[in-house]
Amino acid sequence: MSVATSLDAVLSRVDESLPEALERLMALLRIPSISTDPAFKADCARAADWLVADLQSLGFEASARPTPGHPMVVAQGGEGGPHLLFYGHYDVQPVDPLSLWDRDPFDPELQDTPKGRVIRARGASDDKGQLMTFLEALRAWKSVHGRLPCRLTIFLEGEEESGSPSLIPFLEANTEELKADIALICDTGLFQDTAPAIVTMLRGLLGEEMTIRAANKDLHSGMYGGAAQNPIRVLSRILANMHDATGRITIPQFYDGVSELPDAIRAQWQALAFDHATFLGDVGLSVPAGEQDRTPLEMIWSRPTAEINGIWGGYTGDGFKTVLPAEAHAKVSFRLVGQQDPDAIRVQFRKWVEAQLPADCTIEWKGHGNSPAGVMEIDNPAFEAARAALGEEWGRAAAYVGCGGSIPIAGYFKTYLGMDAMLLGFGRDDDQIHSPNEKYDLECFHKGIRSWARLLAKLA
Ligand code: BES
Ligand code: ZN
């Protein structure tokens, strides 16, 4: 078979076998692999085992490797051509608030919506549907050619959504087995829903949890109010001080390591003609809320943030209670860019908060994950191959874009394994990842599989 006819055969196989591919994805989506909640530990192991079996059915030598957290799935298969590593994550975010879901998040369903058919379930887009696009492309390839396209390592993590705590030790302990010519990561999205995109910059993340305590017990707010310190008041005042009136973050040395966008990238982004009015309008907003001297695209792709993700304390139940609480809590996270150092920012942030604590208040800290920002090098020829493959499938040129989210491993491939990584994916902005009613468009799943088949044909 010529290269072109053999690709056509694989693409036709993808089209014909879409119903079975969807069944396999649905089976994976039924497993509630929420990595951050210990109650779902066994389910995470079950998802890993499901993937091991799926990979074995493709001819891979596959196993679930234990870690102090959730297992890593590693599989080796195929031979010849470039050695490709594929990365995805099988863990998902918690589902709460469950009351905002239209159905059980782990009872996936194909639904018709005004914008097309969607697969509705937690993890449909992030990242089970996405990782299955690659495995299904391999399945179609194998069924046409009787073998895998080239030498492949598949590496699927179960802790991405909880900051990847076991990842660095695992990479260090398995360097030889994991090192390949390039890593392919499928955990990002399209640009503005229709244009294929390759992510070249993504932000890092640092998480902090704090508890401020004052009196040694909850108090009556009439009996003590006025005289007694209120930790919620203290907490909210400090958190409100994180930004000045122009949206700039006030923590000392926070901007160390943040540089201006190189002109070449600024020009590329300008050419994308990002429609920020629609981007915000789709979620009921109209005014960009970040640093006022920045464009919205810079705000989400190349500037750091400080966000309050959760804040609680006192009485929040039905009705009313005149309590003066003894404690106040918050979870805060920072998105990081450039050379910002997560450890240094943790130290600076804690020092800055503690300097503002009034008399009688104490603070307790709990650190959450931290990963630096990632910048991908695009001189590996696989990037041009991917742009061509994506352009052919989607009928539009692939764009080099930034990503406001974080995927800790993206930078680690270079740091720990010395290999380039290429991030591409098929999610859409309205997939509601991390939110109720997550979905993945059937079109994205289908064309995602076809995109990988086209790329494999170019690389293999
Ligand atoms: N797939 C996302 C990253 C992403 C977000 C890509 C938005 C494209 C658009 C990833 O799984 C994720 O959500 N990562 C977490 C990382 C964290 C919990 C360490 C994130 O960015 O919040
Ligand atoms: Zn993800």
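Residues numbered from 1 in each chain as written. Chains lettered and ligands numbered in written order. Predicted model: local features only at pLDDT ≥ 70, side-chain atom pairs only at ≥ 80, totals over all residues. Heavy atoms only, no water.

Asker: Give a detailed account of the sheet that holds strand S13 (residues 327-336), specifying residues and quantitative values.
Answerer: The strand order across the open sheet built from four strands is S11-S13-S9-S14, with neighbouring strands paired in antiparallel fashion. The two strands at the open ends of the sheet, each matched to only one other strand, are strand S11 (305-313) and strand S14 (362-371). Averaged over all neighbouring strand pairs, the angle between strand axes comes to 15°, with direction disregarded. Across eight bridges, the pairing between S11 and S13 is antiparallel. Paired with Ile311 across the bridge in S13 is Ala330. (Pairing = 2+ DSSP bridges. Helix = DSSP H or I, 4+ residues; strand = E, 2+ residues; numbered from the N terminus. Axes fitted to C-alpha atoms, helices over the stretch in contact; angles between N-to-C directions.)

Asker: Which residues make up the sheet that holds strand S4 (residues 109-113), and what values do they have?
Answerer: If you walk across this open sheet you meet the three strands as S4-S5-S18, and the pairing is antiparallel. Where the open sheet ends on each side, the last strands, each with one partner, are S4 and strand S18 (439-441). The mean inter-strand angle of the sheet, taken between neighbouring strand axes irrespective of direction, is 35°. By the bridge criterion, three bridges tie strand S5 (residues 116-120) to S18 in an arrangement that is antiparallel. Each bridged residue has a counterpart across the sheet, and for Arg120 the counterpart in S18 is Lys439. In the packing of helix H2 (residues 18-29) onto the sheet, contacts are made with S4 and S5, and the angle to S5 comes to roughly 35°. (Contact = heavy atoms within 4.5 Å.)

Asker: I'd like to hear about the site of ligand 1, residue by residue, with values.
Answerer: Taken together, the neighbourhood of ligand 1 is formed by 15 residues, with Glu160, Asp187, Arg335, Ser406 and His434 sitting nearest. Glu160 is positioned with one of its side-chain polar atoms (N or O) 2.7 Å from an oxygen atom of ligand 1. Summarising the interface, the protein chains cover 82% of the accessible area of ligand 1, which totals 510 Å² for the free molecule. Looking at the shell around ligand 1 residue by residue, the classes come out as four nonpolar, six polar and five charged. (Near = heavy atom within 4 Å. Polar contact = N/O pair within 3.5 Å; in protein donor to acceptor, adjacent residues only side chain to side chain. Areas by Shrake-Rupley, 256 points an atom, 1.4 Å probe, with all protein chains shown as cover. Nonpolar A, V, L, I, M, F, W, Y, C, P; charged D, E, K, R; others polar.)

Asker: Now, about the coordination of the zinc ion (ligand 2): what can you tell me, with residues and values included?
Answerer: Coordination sphere of the zinc ion (ligand 2), protein contribution only: His89 (NE2), Asp126 (OD), Asp187 (OD) and Asp187 (OD), at 1.9 to 2.5 Å. Given six donor atoms and angles of 55 to 166° at the metal, the environment of the zinc ion (ligand 2) is assigned as irregular. Within one chain, the residues serving as donors to the zinc ion (ligand 2) are arranged as H-x36-D-x60-D. Of this pair, His89 sits in strand S3 (residues 84-89) while Asp126 sits in the loop between S5 and helix H4 (128-145); the two residues are 37 residues apart in sequence, bridging distant segments of the chain. Take His89 and Asp126: they sit in the same class, and that class is buried. (Donors = N, O, S within 2.8 Å, 3.2 Å for Na, K, Ca; no water. Tetrahedral: all angles 85-135°; square planar, octahedral: opposite > 155°, others 65-115°. Buried < 20%, exposed > 50% of the residue type's maximum accessible area, 1.4 Å probe, protein only.)

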